[in-house]
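Close look at the chain arrangement
The primary structure of each chain is shown beneath.
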Amino acid sequence: MTVAAVVRQRTGREALRRLYRSRTGEGRALGELLGGQVEVASQGAWISTDAGGRFLDCGGLGIPLTGARHPTVLRHVREQLEHRPMASGLFPEPQSALAADALLSVAPPGLERVHFTGSAVQALTLAARMARARGRTRVISMTGSQYEPHLDELMPSGGSAVPYGDAAALRRTLAGLPGRACVFVEPVQCAAGVVLPPPGFLRGVAALCREYGALLALDETATGLGRLGAWWGAGIEEVAPDLLLVGGALGAGVVPLAAVVATAGVSAAFDHAPYADPYPCSGAPLAMAAARGAVAALREDNLVGRARVLGEEILRVTGRIVRGHYGPAVREVRGRGLLIGIEFTGPDAAAGLLIELVRHGVITGRAPGAPHVLRLAPPAVLTRADLDHLYEALDRSCRTERGRRPRV
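All of these numbers come straight from a predicted model, not from anything done at the bench. (Residues numbered from 1 in each chain as written. Predicted model: local features only at pLDDT ≥ 70, side-chain atom pairs only at ≥ 80, totals over all residues. Heavy atoms only, no water.)

**Structural notes on the overall build of the chain**
Definition in use: Strands here are runs of E lasting at least two residues and helices are runs of H or I lasting at least four, both read from the DSSP assignment and numbered beginning at the N terminus. Throughout this description, buried means an accessible area under 20% of the type-specific maximum (1.4 Å probe, protein chains only), exposed means over 50%, and partly exposed covers the range between. Residues are treated as being in contact if the distance between any of their heavy atoms lies within 4.5 Å. The Shrake-Rupley method, run with a 1.4 Å probe sphere, supplies the accessible areas, and residue values consider only the shown protein chains as cover.
Regarding its fold elements, the chain presents 14 helices and 15 strands. Taking all 408 residues of the chain together, the buried fraction comes to 53%. Of all intrachain contacts in the chain linking residues separated by at least 6 positions in sequence, the fraction that spans at least 24 positions is 70%. Only carbon and sulfur atoms are counted for the fraction: they give 54% of the accessible area of the chain, which is about 18,000 Å².

As structure tokens, this is what we get:
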């Protein structure tokens, strides 16, 4: 019996909707707006529903470059599942060391220690703890950062936010906190609407951190492991961070996993305690196997290089399509690698196009901090047929949605 048949037999759509409303809240029932289909399977860049629908996943919730159920990742996970999916925590566990070594083999130079966590938020919290242990008791973030609302929670002494891309503002803030700050910065701001920094901005941030004795924490939870067409945004400007935050791509869409990668000096206070990790499930052998599989898949299939090539094409073609239909209602089409944002002059166009794309078999996303931006973040396993489907669906969706609205 197929997964879809099991879903229908055990619950039925109406029963499932009731479960969502009563057990998880109304927000989880929003799928009714799109026909009430139930997601039951995924493979590569595609999601299947119980009704037989197939949808190209181009970034609904951040699919990793490896796509869903990559065979290399599944091979590592299955092998580990047969032996020991969880560990006692009493004895040294080899998979943690092997996964850390795999991650460090592709990390920016100078980073030597890996601390695994279960989520990007946990990674952020752990990075803040490590900064405090080095005497950096103030967090400096960038306006529009996904973590900006949580600055006061990260540090007892509080935090500050400076405009993204404004090196002069960062200098003024750091000058008042010599030797006491940790700067968190993203190579590209995903939640703010795929905002690219001015050229050289990351290098400038790194130089200011050195000048004022601050730690540099590069938040690559959305951009790392190849999303930008390079292993890390740090590598694009040859920046050497003190802390690197790695997100869900490390689990390859198979298990929840994230990490903080640090220099030996920053990690020193955490190296001697046998149970320094406050997230005991984050180093589970099954999760570690997924991390090893993720790095192996990215390498073996050259998915990082493929992200760069595919990204250049998708940016060019999608830009031509949406501008051709919307004209001046499109403010900008921008991106790097397979992280692309289509910015409209208002939120209605982005919302309407997102829904219309789903009706034509393509899932996209909207930036939480910029509802007027439609986000594309597909995996690097797209085939030529997948690309043709994306472009045709985008063209048809733009035509349909634009036909409902007067031209600007």
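**Re the packing of helix α13 (residues 347-359) against helix α14 (residues 384-402)**
To keep things clear, this is the line we draw: Every axis corresponds to a line fitted to the C-alpha atoms, with the helix fit spanning only the stretch in contact, and the corresponding angles, defined between N-to-C directions, vary from 0 to 180 degrees. Roughly parallel means an angle under 35 degrees; roughly antiparallel, over 145; roughly perpendicular, 65 to 115; everything else is oblique. In a left-handed crossing the near helix is turned counterclockwise from the far helix by less than a right angle, and in a right-handed crossing that turn is clockwise.
Look at α13 against α14: their axes get within 9 Å of each other, and the N-to-C directions meet at 125°. As far as their axial angle goes, α14 and α13 are oblique. Once α13 is placed against α14, the crossing between them reads as right-handed. Across the interface between the two elements, G352, L353, E356 and L357 of α13 pack against A393, L394, S397, C398, T400 and E401 of α14.

**Structural notes on the sheet that holds strand β11 (residues 330-336)**
The test is simple: Criterion used throughout: strands pair if DSSP finds at least two bridges between them.
The sheet built from 4 strands is open, its strands ordered β11-β12-β15-β14 with antiparallel pairing. Strands with a single pairing partner mark the edges of an open sheet, and in this sheet they are β11 and β14 (365-367). On average, each strand axis in the sheet is inclined to that of its neighbour by 30°, with strand direction left out of account. On top of the sheet, helix α12 (residues 303-326) reaches β11, β12 (339-344) and β15 (370-376); it is set at about 175° to β11, its chief contact. Packed on one face of the sheet, α13 meets β12, β14 and β15 and runs near 35° to β15.

**Considering the side chain of H115**
Short version of the rule: Side-chain atoms alone can form a polar contact between residues adjacent in sequence; in general such a contact is a pair of N or O atoms within 3.5 Å, and within protein one must be able to donate a hydrogen while the other accepts it.
By the secondary structure assignment, H115 is in strand β4 (residues 113-117). Here the side chain of H115 touches S267 through a polar contact of 2.8 Å, side chain to side chain. Apart from residues lying up to four places away in sequence, H115 is in contact with L126, M130, A259, V260, S267 and F270.

**Some thoughts on the sheet that holds strand β8 (residues 215-220)**
Strand pairing in a sheet is mediated by backbone hydrogen bonds. Such pairs are either parallel or antiparallel. The strand order across the open sheet formed by 7 strands is β4-β10-β9-β8-β7-β5-β6, and the pairing between neighbours is mixed. The sheet is open, and its two edges are formed by β4 and β6 (159-162), each paired on a single side. The mean inter-strand angle of the sheet, taken between neighbouring strand axes irrespective of direction, is 20°. Where β4 lies against strand β10 (residues 258-262), 5 bridges are found, and the strand directions are antiparallel. Within β10, the residue paired with H115 across the bridge is V260. Where helix α4 (residues 94-104) meets the sheet, it contacts β4, β9 (243-246) and β10, and its direction lies at approximately 115° from that of β4.

**Some points on helix α8 (residues 201-211)**
Structural remark: α-helix, 3.6 residues per turn; residues separated by three or four positions point the same way. The line we're drawing: When we speak of the arc, we mean the arc of directions from the helix axis to the C-beta atoms.
Within α8, burial applies to F201, L202, V205, A206, L208 and C209. Considered in projection along α8, the buried side chains sweep an arc of 160° and stay on one side of the axis. As for α8, its buried residues are in contact with β5 (138-142), α7 (167-175), β7 (181-185), β8 and α9 (233-236). A positive backbone phi angle near 70° is found at G213, which sits one or two residues after α8.

**Focus on the packing of aromatic side chains**
Where we set the bar: Stacked, edge-to-face and tilted labels apply to pairs of Phe, Tyr and Trp rings (six-membered ring for Trp) whose centres lie within 6.5 Å, assigned for plane angles under 30 degrees, over 60, and everything in between, in that order. Any Lys NZ or Arg CZ found within 6 Å of a ring centre and within 35 degrees of that ring's normal is scored as a charge over the ring.
Scanning the model with the defined rule gives 2 aromatic pairs in all. Aromatic side chains Y164 and F201 sit 5.6 Å apart centroid to centroid with 75° between the ring planes, which places their arrangement in the edge-to-face category. Within this pair, whereas Y164 is found in the loop between β6 and α7, its partner F201 is found in helix α8, the two being separated by 37 residues in sequence. Each member of the pair, Y164 together with F201, is buried. Aromatic side chains Y326 and F344 sit 5.0 Å apart centroid to centroid with 65° between the ring planes, which places their arrangement in the edge-to-face category. Remark: F344 occurs in strand β12 and Y326 occurs in helix α12; sequence separation between them is 18 residues. Each of the two residues, Y326 as well as F344, counts as buried. Over the face of the ring belonging to W46 we find R54, whose NZ or CZ atom lies 4.2 Å from the ring centre.

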